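# Secondary and tertiary structure notes
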Amino acid sequence: MQRSRGFKSKSRKKLTKVQREGRTNPITKRMQKYENGDLVHIIIDPSIQKGQPHPRFHGKTGQIVGQKGKAYLVALKDGNKAKELIVRPDHLKLQE
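Residues numbered from 1 in each chain as written. Predicted model: local features only at pLDDT ≥ 70, side-chain atom pairs only at ≥ 80, totals over all residues. Heavy atoms only, no water.

### Here's the deal with the pattern of salt bridges
- In total, this model carries two salt bridges according to the counting rule given.
- Two residues, arginine 30 and aspartate 90, come together in a salt bridge whose shortest N-O distance is 3.4 Å. Placement of the pair is arginine 30 in helix H1 (residues 27–31) and aspartate 90 in the loop between strand S4 (81–87) and strand S5 (92–94), with a sequence separation of 60 residues.
- Looking at aspartate 90, the relative accessible area reads 4%, which means it is buried. (Salt bridge = Lys/Arg side-chain N within 4 Å of Asp/Glu carboxyl O. Helix = DSSP H or I, 4+ residues; strand = E, 2+ residues; numbered from the N terminus. Buried < 20%, exposed > 50% of the residue type's maximum accessible area, 1.4 Å probe, protein only.)

Structural data, given as structure tokens:
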């Protein structure tokens, strides 16, 4: 049987995460609250698959425009097109 060549099989190397001591998924990242208008970086955490955006958006910066359940709506420009992503807070980081 031939191996899978889906889009996720090509992007695994980009999302490797340096393993650190202690807890791998701190609950504080999941509990973070964002307000409308906050600028956030999309940093995909590969250990949490739920609410994960497409790998093409890894490292991009967007603006919070709303909330949908536990996830946030993030608006950003992909080339010249405006897009709106649904992303869980595990994959977001507030811009300083």
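### Some remarks on empty space enclosed by the protein
- In the structure shown here, the tally under the stated rule is one cavity of 30 Å³ or more.
- Roughly 40 Å³ of internal volume is contained in the largest cavity.
- When grouped by side-chain class, the residues that make up the lining of the largest cavity number three nonpolar, one polar and four charged. (1 Å grid on protein atoms, 1.4 Å probe; cavity = no way out; pocket = protein on both sides within 12 Å on 5 of 7 lines; lining within 4 Å. Points joined across faces, edges and corners; volume = space filled by probe spheres on them. Nonpolar A, V, L, I, M, F, W, Y, C, P; charged D, E, K, R; others polar.)

### What about the packing of aromatic side chains?
- With the rule as written, the count across this model stands at one aromatic pair.
- Seen in terms of ring centroids, tyrosine 34 and tyrosine 72 are 5.3 Å apart; in terms of plane orientation they differ by 80°. Their pairing is edge-to-face. Here the residue tyrosine 34 occupies a position in the loop between H1 and strand S1 (39–42), and tyrosine 72 occupies one in strand S3 (residues 71–78), the gap between them amounting to 38 residues.
- Relative accessible area serves as the criterion here: at 2%, tyrosine 72 is assigned to the buried category. (Phe/Tyr/Trp six-rings, centres within 6.5 Å; stacked < 30°, edge-to-face > 60°.)

### A few points about the nonpolar core
- Grouped together as the largest cluster of nonpolar side chains are eleven residues: Tyr34, Val40, Ile42, Phe57, Ile64, Tyr72, Val74, Leu76, Leu85, Val87 and Leu92.
- Every element with two or more residues in this core is listed here: S1, S3 and S4. (Core = buried A, V, L, I, M, F, W, Y, C linked by side-chain atoms within 4.5 Å.)

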